[in-house]
Each structure stands twice: as structure tokens, then as C-alpha cells.
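Single-letter residue listing:
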Amino acid sequence: MSTAHSGLNSRGVALASILLALLLILFVVATVYVFAARLYLPPPPISHDAALVDHQYNLTLYATGAAFILAQLGLAYAILRFRDRGQQARFTRGNVALEILWTSITFLVFVGLGIIGRRAWADVRFAPSASGAIEVEATTNQFVYTFRYPGPDGKFGRLDPSLINAPAGNPLGVDPHDPAGQDDIVVAELTVPVNQPIEVLLRSQDVIHNFFVRELRLQQDAVPGIRIPVHFTANRIGTYEIVCTQLCGLGHYKMHSLLHVVSEVDYQSFLKRQAMSP
Ligand code: CUA
């Protein structure tokens, strides 16, 4: 056993631990650089809620970033400090006080971030939208989105699944005998006026799909059998992509639509144009 810790071997162990510690430090610096240099920025947010999500994302990033840096540098320190110098290894069962301390800190940070982030997430889904919100129904199926506006009467017509016939121009199965449905507008792309609350009623005709607009930081599953409301108020005119982020079948990769955020005037002319088209 005495030869196991010859001078040569100790130097070898020292070199290996120094290299490993350096590698860890390099890894930390490279990771921090990728985030600090803002190499991969999301598109600018186009709603107040989206800005809240960004704020929450940054808070989470700072908290987890600090934990990541401290943990990795701590590991590098331990590798150097406790490398094999031929000393007797000391057995430890851990430190209960330290265990309680860092578990409590993790718990507090985790719950704290959840409470702070409640507004950014839950208010979009669980709180009712502002009164006077424009209701639009969004229906997903393999592999398209179909949007329905209630029309001038403000009422959606009855849907009958047995009447669903996309080739005949009735992809939703709107009942032609229901007077409320006769003025319903059914389109493939979503057009909304800027700075007005929009209530999207999300449905699915077949499997689970998703409604995701990056610029709104809004992502919600569409689940067959239930109608899920989500709301947003877009504050920047433009055209944005709506994508499906649930693996919903072979055509999933191409399942997308567009969100047109337009001025109030353009929105009214859109409604008029649609009301005139058969
Ligand atoms: Cu629908 Cu993926």
C-alpha cells in the first residue's frame, strides 16, 4: 500500500484534479456567456402578459443561474481541495444542519418564484378576460386551425359533429338551421384588433393540439371534449405565427396558422368582407 501514494502518483492525481476543476470552470464561463451575451433572444413581446412572462423568465434564470454557478464552482473547489494526497479518507454521514439549510432555501426559492409568477401564468387562464372581450373560437384538428367569430349577432351557432364536412365548406359542423349560426364567420387565420382583449375559446376535434404564439408568450393545449378559454391583448400591429406544439400526428410539423393584429378600422373591414362572402 505504501507505493500507492508515491510522489509520482500524487502529482498525477493533482494534475487530473486541476484539469477537471479547470474544465468545470470553463464550462461555467461558457454557459454564462451564452446567456449573458443574449445570443438566443425570443422575438419582442406584443402584450403586457408576454412582458410579465419575460420578467418571470429572467427572475427564474437569475435564481437558477446563481444556483448553477455556485454548485459547479463548489464542485470544482471540492475536487481540488479533497484530491488524493495520500491522506486518510474521512467517513461522513453528511451534515443535517446543512441539509436542512439548502433544502429550505430551494423550497423558498421554488415556492417564491411560483407565487411571483402566478400573475404571468394563471391570470391568462383562470381569471376571466376583461369585460367586452372579443370572443373567437379556435378549433384544431389534424392538421389545421379553424377560427369562428360569432358574427353581428354576437352569438355562436350550434355545432353538430355529424354535420362536419370540410370539403363542403363546413369544417366545424355549424348547424344551418340555427339562426345564431347563420352569420358566424369561419376562417383559417385569426384576425384581431390591436389593444383589445381577445378571448380565445380553444377546442379540438380529434387529438390534443396546441395554440402557441411566441410573441404573446401564450401556449395552451387544445383538448378534445372541453373548451378552454385563454385571453390576450396584443399591443403591436403585425402578423405572427400560430404553431401547434403538441406532437399530434404525421402532419404536426406543418400545422400552423397566422395571427393578424390589425387596426380597429382594418378589423371592421375584415368583418364586413367576411360577412359579405358566402
Ligand atoms: Cu397539431 Cu401538432
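All values derive from a computational prediction rather than experimental measurement. (Residues numbered from 1 in each chain as written. Predicted model: local features only at pLDDT ≥ 70, side-chain atom pairs only at ≥ 80, totals over all residues. Heavy atoms only, no water.)

## Describing the sheet that holds strand E8 (residues 228-232)
Strand order in the open sheet formed by 5 strands is E3-E2-E1-E5-E8, with mixed pairing between adjacent strands. One side of each edge strand has no neighbouring strand; the edge strands of this open sheet are strand E3 (185-187) and E8. Geometrically, the sheet is characterised by an average inter-axis angle of 25° between neighbouring strands, direction not taken into account. Judged from the 3 bridges that link them, strand E2 (residues 144-149) and E3 form a sheet pairing that is antiparallel. In the strand pairing of E3, Tyr149 is matched with Ile185. Here helix H4 (residues 264-276) sits on the sheet and contacts strand E1 (134-141), E2 and E3; the angle it forms with E3, its principal contact strand, is near 100°. (Pairing = 2+ DSSP bridges. Helix = DSSP H or I, 4+ residues; strand = E, 2+ residues; numbered from the N terminus. Axes fitted to C-alpha atoms, helices over the stretch in contact; angles between N-to-C directions. Contact = heavy atoms within 4.5 Å.)

## Looking at the nonpolar core
Phe147, Leu190, Phe211, Phe232 and Leu259 are the most contacted members of the largest nonpolar core, which totals 35 residues. The residues touching Phe232, leaving out its near neighbours within four places in the chain, are Leu190, Val192, Gln196, Pro197, Ile198, Val200, Leu216, Leu218 and Leu259. (Core = buried A, V, L, I, M, F, W, Y, C linked by side-chain atoms within 4.5 Å. Buried < 20%, exposed > 50% of the residue type's maximum accessible area, 1.4 Å probe, protein only.)

## Some words on the pattern of salt bridges
Counted by the stated rule, this structure contains 7 salt bridges. Salt-bridge contacts for Glu215 lead to Arg214; the nearest nitrogen and oxygen are separated by 3.8 Å. With relative accessibility at 47%, the residue Arg214 sits in the partly exposed group. Taken together, the salt bridges that share partners define one network made up of Glu137, Arg148, Asp184 and Arg203. (Salt bridge = Lys/Arg side-chain N within 4 Å of Asp/Glu carboxyl O.)

## Comments concerning the pairing of strand E10 (residues 256-262)
For E10, the buried fraction is high: 5 of the 7 residues fall into the buried class. The pairing of strand E4 (residues 190-193) with E10 spans 4 bridges and is classified as parallel. Across the sheet, residue Pro193 finds its bridge partner in E10, namely Val262. Examined bridge by bridge, strand E9 (residues 238-243) and E10 share 6 bridges and lie antiparallel to one another. Paired with Thr239 across the strands is His260, a residue of E10.

## Describing helix H3 (residues 96-125)
Counted at 1.5 Å a residue, the expected span for H3 with its 30 residues is 44 Å, and the 41 Å between its end C-alpha atoms agrees. Residue Gly117 marks the point of greatest curvature in H3, where the axis turns by about 55°. Within H3, burial applies to Leu113, Gly117, Ala120, Ala122, Asp123, Val124 and Arg125. In this fold, the buried residues of H3 make contact with helix H2 (48-81), strand E7 (218-222) and E8. Where H3 starts, the residue carrying a side-chain oxygen 3.0 Å from the main-chain nitrogen of Ala97 turns out to be Asn95. (Expected span 1.5 Å × (residues − 1). Bend = angle between axes of the 7 residues up to and from the residue. Polar contact = N/O pair within 3.5 Å; in protein donor to acceptor, adjacent residues only side chain to side chain.)

## Here we look at the packing of aromatic side chains
Applying the stated criterion to the full structure yields 5 aromatic pairs. A centroid spacing of 6.2 Å and a plane angle of 5° characterise the contact between Tyr145 and Phe147, whose relative ring orientation is stacked. The class of Tyr145 is buried, set by a relative accessible area of 3%. Phe147 sits in the buried class, given a relative accessible area of 1%. Taking 5.4 Å as the distance between ring centres and 65° as the angle between the ring planes, the aromatic pair formed by Tyr149 and Phe270 counts as edge-to-face. Pair noted here: Tyr149 is in strand E2 and Phe270 is in helix H4, with a separation of 121 residues, a long-range link. Considered together, Tyr149 and Phe270 belong to a single accessibility category, that of buried residues. An aromatic cluster is defined as three or more aromatic residues linked by ring pairs; in this entry it consists of Tyr149, Tyr267 and Phe270. (Phe/Tyr/Trp six-rings, centres within 6.5 Å; stacked < 30°, edge-to-face > 60°.)

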